[in-house]
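Listed below are the residues making up each chain.
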Amino acid sequence: MTTGTQCGTQWTNVDAGQWEVEPIYTFSLPRVFEYRRHAWVPYFERVDTTASHPDTWDVLAELARAPTVQTIVEAGTYRGHALFAMAESLRLRGTPEGHIWSADVEDFGVVAELDKLGLADRVSWCHGTFADMLPHVPAEIDLAFIDASQTGHPLLRLEYLDLVLSRLSKHGLVVCDDSTDDAWEGAAMLRARANLYLPRGHGLTIFQNRA
Amino acid sequence: MSEAVEAVGNLMSEVPLPRMPLTADERKADAVRQFGPNADWMLRMVPGAFELEILHGVVFPHPSVMHAYESGCAEPWTTQVVTSLLIASNERNVMETGCFTGQTSAWLAMALERLGGGTLTTVDIDPERTAKCTERLAGLGLTCVTHRAVTQDVLQFLPTVPDHSIGFVWVDDNHEKPHVEVETRMIWEKLKPGGLALFHDVWGSCDLQTVVKKWGGIALDLPRLGAAGGIGILQKPK
C-alpha cells in the first residue's frame, strides 16, 4: 500500500554513540511535494533536526493553500524546508497570487535553490533579521511562520509574534515552532497565549486575532 | 535526541501521481482522474473551478478515496487539512459526527494508521451510511486502527461518551447553528484537555465560524464547492 519516498537514512553512529553529523529525520515526503517528487527528493535526503519537523511542513503547506492567503512571512529560513513547502503550496494553486517574505541572518543558499525549482518569483528573501524585513512587507499578513533562532534572545519569538499580530489580516494566522515544554523558556508563554497547540514534532502554537 | 526523529509509515498511495498539469486540458484530465464520474458535476457546480485550479495539491491516502467525491462530502483539500492537523495533534482517540459516505472517515483512519494506531468512532443517524462507512474502512487494510460505527443521533450518543476522553472530533453532521451550539457544548465536556474539535462548513451559508470563535477557536476559509466551506478549530485548554 505504501511506496512513498522514504527520505533520509538512519542516523550515522560512527563510534560508540558519537554522531558523525547532527541527527537527521526519517520521514515520508510531505504531501505538497508529491506532484514534483522527482525535483524535491534531493532536497530531503538528509534533513537535520535543527529544521522544523516534517509534519510541520505539511501543516504549513495546508494553511498556505487557502486562496485568502496572499501574504506570508517567515522568521528563520534556515535551509528552506518550511519555505519550500509554503512556496510549493502557492505554486499548486496555479494562480500568480501569493508571495512569501522570509528572513534569516545566515545565508544557506536558499535563493539559488528556489531559482532552480522555479519558485524564485514566489519568494523575497532577506539576509537580515525578521524585524528589519517586516516594514518592507507591503501588505497585511495572512500567514506567518516564526522559527527564528533565539540564541541569546530567549524571548525573540514572542517579540516577533507581537510584531506580526499588529500586521495580521482579519483572519490571518501566526504559527510558532518549538513550542514544546523543554525547547526554550518562552514556550510556555506561547502556549498560554495561543488559540491552538499541536504537540507533535517540536510543537506548534497557532494564533488568530480574536476579532 | 531520539524524540525528534520518527520513523513513520508512509501515507502515500501506490497510484502513480502525475506531474503538475500545465495546460487547461491536462488540468481537466487531472480532475477526472481525481474525481472520476463526479468531475463533470463539479464543473457544473463550480464554473471555472479548474481554471481557478483549486482542485490541485491533493494527495489521496488510499486508492479507494480517489474517484469518490459526492455532493455533500467534505472537499478533498479540506480533508487533507484536517488530517494534517490530526497528525500534528498526535491524538489517537478520534470521533466523527456525520459520516455520510465514509470518505472523510477513510482519511481519518489512514491518518491514525500513519500515527501508529488509534480508535475512530463514526456516528451517523442513518444506518445505510453507517454500513457504507464500515464497509469502506474494512477495505483499507488497516492494521492498527479500531473502527467503531454508531447508528444514533449524535446528541443522544454524546452523553454516553465518558467526559474528557476524546482527543479529536470532526464535526460534520447537522450544520444548523442551534444544533451546532448544543453539540459544541456537549463535545466540550467530552474533549480531553488539549483535545481538538474541528467543524466543517463554518464559512458561507452556515456561518458557523461565529460559534467556533465564541469558544476561542479559529476559522480557516478554504475553497468551496457549494454555499459553505472551510473549517473551524477549537481546542480545550490543558
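Just above, that's the structure.
Residues numbered from 1 in each chain as written. Chains lettered and ligands numbered in written order. Predicted model: local features only at pLDDT ≥ 70, side-chain atom pairs only at ≥ 80, totals over all residues. Heavy atoms only, no water.

1. Looking at the overall build of chain B
Part 1 of the argument: Check the secondary structure of chain B and you find 9 helices and 7 strands.
Part 2 of the argument: When burial is assessed residue by residue, chain B has 60% of its 238 residues classed as buried.
Part 3 of the argument: Roughly 9,000 Å² of accessible area belongs to chain B as shown, and the carbon and sulfur atoms make up 54% of that amount. (Helix = DSSP H or I, 4+ residues; strand = E, 2+ residues; numbered from the N terminus. Buried < 20%, exposed > 50% of the residue type's maximum accessible area, 1.4 Å probe, protein only. Areas by Shrake-Rupley, 256 points an atom, 1.4 Å probe, with all protein chains shown as cover.)

2. Structural notes on the environment of A:His99
Residues and elements named next belong to chain A.
Part 1 of the argument: Mapped onto the fold, histidine 99 is located in strand 6 (residues 99–104).
Part 2 of the argument: With a relative accessible area of 17%, histidine 99 lands in the buried category.
Part 3 of the argument: Once the C-alpha coordinates of histidine 99 and aspartate 121 are considered, the two residues, 22 residues apart in sequence, prove to be 8.0 Å apart.
Part 4 of the argument: Apart from the residues lying within four places of it in its own chain, the contact partners of histidine 99 are Gln70, Thr71, Ile72, Leu90, Asp121, Arg122, Val123 and Ser124.
Part 5 of the argument: In this structure the side chain of histidine 99 is engaged in a polar contact, spanning 3.3 Å, whose partner is the backbone oxygen of aspartate 121.
Part 6 of the argument: Within the local environment of histidine 99, its side chain forms a polar contact with the side chain of serine 124, the two groups lying 2.7 Å apart. (Contact = heavy atoms within 4.5 Å. Polar contact = N/O pair within 3.5 Å; in protein donor to acceptor, adjacent residues only side chain to side chain.)

3. Topic: the nonpolar core
Part 1 of the argument: Core analysis: the biggest nonpolar cluster contains 80 residues, and A:Phe44, A:Leu143, B:Leu198, B:Ile231 and B:Ile233 have the highest contact counts within it.
Part 2 of the argument: In contact with B:Leu198, not counting residues within four places along its chain, are B:Val82, B:Leu85, B:Phe168, B:Val169, B:Trp170, B:Val171, B:Ile231, B:Gly232 and B:Ile233. (Core = buried A, V, L, I, M, F, W, Y, C linked by side-chain atoms within 4.5 Å.)

4. So, the sheet that holds strand 9 (residues 168–176) of chain A
Where strands meet in a sheet, backbone hydrogen bonds hold them as pairs that are either parallel or antiparallel.
All names here are of chain A.
Part 1 of the argument: What the 7 strands build is an open sheet, ordered 7-6-5-8-9-11-10; its pairing is mixed. The outermost strands of the open sheet, each flanked by one partner alone, are strand 7 (123–127) and strand 10 (196–198). Mean inter-strand twist for the sheet, computed between neighbouring axes without regard to direction, equals 15°.
Part 2 of the argument: Pairing between strand 9 and strand 11 (residues 204–208): 4 bridges, direction antiparallel. Bridged to cysteine 176 within strand 11 is threonine 205.
Part 3 of the argument: Here helix 3 (residues 81–93) sits on the sheet in contact with strand 5 (71–75), strand 6, strand 7 and strand 8 (141–146), set at roughly 170° to strand 6. (Pairing = 2+ DSSP bridges. Axes fitted to C-alpha atoms, helices over the stretch in contact; angles between N-to-C directions.)

5. So, helix 5 (residues 103–115) of chain B
In an α-helix, one turn spans 3.6 residues, which is why side chains three or four residues apart end up on the same side.
Residues and elements named next belong to chain B.
Part 1 of the argument: Taking 1.5 Å of rise per residue, the 13 residues of helix 5 would be expected to cover 18 Å, and the 19 Å separating its terminal C-alpha atoms lies within 8% of that figure.
Part 2 of the argument: Counting buried residues in helix 5 gives 13 out of 13 residues, a clear majority hidden from the surface.
Part 3 of the argument: Positive phi shows up at glycine 116, right after helix 5, with a value of about 105°. (Expected span 1.5 Å × (residues − 1).)

6. Topic: the side chain of B:Thr121
Part 1 of the argument: Secondary-structure assignment places B:Thr121 in strand 2 (residues 118–124).
Part 2 of the argument: Since its relative accessible area comes to 7%, B:Thr121 is described here as buried.

7. Things to note about the packing of helix 5 of chain B against helix 6 (residues 127–138) of chain B
Residue and element names in this part refer to chain B.
Part 1 of the argument: The N-to-C vectors of helix 5 and helix 6 enclose an angle of 35°; their axes lie 9 Å apart at closest approach. Between helix 5 and helix 6 lies a crossing of right-handed hand. Contacts between helix 5 and helix 6 involve Gln103, Ser105, Ala106 and Ala109 from the first element and Cys133, Arg136 and Leu137 from the second. (Left-handed = near helix turned anticlockwise from the far one by under 90°.)

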